[in-house]
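Analysis of the macromolecular model
Take a look at the letters that make up each chain.
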Amino acid sequence: KMFNRKAAHRQSKADEILKALNIQPGQTIADIGSGGGFFTFLFSHLVGENGKVSAIDTNQDFLEFINKQASKQGITNVITVHTTEQAIPLPARSADLLFVRSVYHHLQNRSQYFSEAKKLLTSQGQIAIIEFSQQGSRFSFHRRCGHNVPKEVIVEEMTKAGYLVSESFDFLPVQSFTLFRPNP
């Protein structure tokens, strides 16, 4: 619930993020590091009954919370997937969007991780990375505890993994927001 409260805060600008992602009915989305499922459930409504959202997390308690909430709300297009930090356990060519919000800094061997993730994307698939940056107060928790990755580093690592920046947004006050597509 705490993760959902933070994600729902107006500073997180969820409505603007969803608008920028231009999610369509029938799409398949993998919410990597889904936490309490705030974005998972937003995506669920946007993709509709013909779409699917995979809530993927390393924390089984978060996934159980999402399952309970989905059941309470009668949501049938959300599945939960327990994972390690090493790989994303989805079938090849099964995701139109890999959504990675406030998780990038937790991943080890990021270039290798996302190089492997390319096989999960559909032909029009993309990856959205929203990550705390080094902007803002020098006393912020995210800066002091290393819970951030500068946008330049993200772009460099994703380029190494075989991606191109397809779009970048600057409306988030303390996070970068970049969309990547595989480099053909």
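Keep in mind it's a predicted model, so treat the numbers as computed, not measured.

This part is about the overall build of the chain. Looking only at helices and strands, the chain has 7 helices and 7 strands in total. Along the chain, helices and strands appear, N-terminal first, in the series α-α-β-α-β-α-β-β-α-β-α-α-β-β. Looking at the chain residue by residue over its 184 residues, the buried ones come to 48%. The contacts in the chain between residues at least 6 apart in sequence include a share of 68% that link residues at least 24 apart. Here the chain displays about 9900 Å² of accessible surface, and carbon together with sulfur accounts for 49% of that area.

In space, the 7 strands of this open sheet follow the order β3-β2-β1-β4-β5-β7-β6, with mixed pairing throughout. Two strands in the sheet have a free side with no partner beyond their single neighbour: β3 (78-82) and β6 (163-169). Here the strands of the sheet are splayed against their neighbours by 20° on average, with no regard to which way each runs. Judged from the 6 bridges that link them, strand β4 (residues 95-101) and strand β5 (residues 121-132) form a sheet pairing that is parallel. In the sheet register, A95 faces β5, and the bridge partner there is L121. Helix α2 (residues 14-21) contacts β4, β5, β6 and β7 (175-182) of the sheet and is inclined by roughly 20° relative to β7. Set on the sheet, helix α4 (residues 60-73) makes contact with β2 (52-57) and β3; between it and β3 the angle comes to about 170°.

Turning next to unusual backbone geometry. Look at S102: it is not a glycine, yet its phi comes out positive at around 60°. Following the sequence through the fold, S102 ends up in the loop between β4 and α5 (110-117). In this structure S102 comes out as buried when scored by relative accessible area, which is 18%. Even without a glycine there, the phi angle at N109 is positive, about 45°. Mapped onto the elements, N109 comes out in the loop between β4 and α5. A relative accessible area of 55% places N109 in the exposed class.

As enumerated under the stated definition, the model contains 2 salt bridges in all. Across the pair E157 and R110 runs a salt bridge whose closest N-O atoms are separated by 2.7 Å. Of the two residues, E157 is situated in helix α7 (residues 151-160) and R110 in helix α5; the sequence distance between them amounts to 47 residues. Considered together, E157 and R110 belong to a single accessibility category, that of buried residues.

So, about the pairing of β7. A large share of β7 lies buried, amounting to 6 of its 8 residues. In this sheet, β7 lies alongside β5 in antiparallel orientation, the contact comprising 6 bridges. Its bridge partner lying in β7, I130 is registered against F177. Direction of pairing for β6 relative to β7: antiparallel, over a ladder of 6 bridges. The residue bridging S168 from the neighbouring strand is T178, located in β7. What sits between β6 and β7 in their antiparallel hairpin is a turn of 5 residues.

What counts, and at which threshold
- Residues numbered from 1 in each chain as written.
- Predicted model: local features only at pLDDT ≥ 70, side-chain atom pairs only at ≥ 80, totals over all residues.
- Heavy atoms only, no water.
- Helix = DSSP H or I, 4+ residues; strand = E, 2+ residues; numbered from the N terminus.
- Buried < 20%, exposed > 50% of the residue type's maximum accessible area, 1.4 Å probe, protein only.
- Contact = heavy atoms within 4.5 Å.
- Areas by Shrake-Rupley, 256 points an atom, 1.4 Å probe, with all protein chains shown as cover.
- Pairing = 2+ DSSP bridges.
- Axes fitted to C-alpha atoms, helices over the stretch in contact; angles between N-to-C directions.
- Salt bridge = Lys/Arg side-chain N within 4 Å of Asp/Glu carboxyl O.

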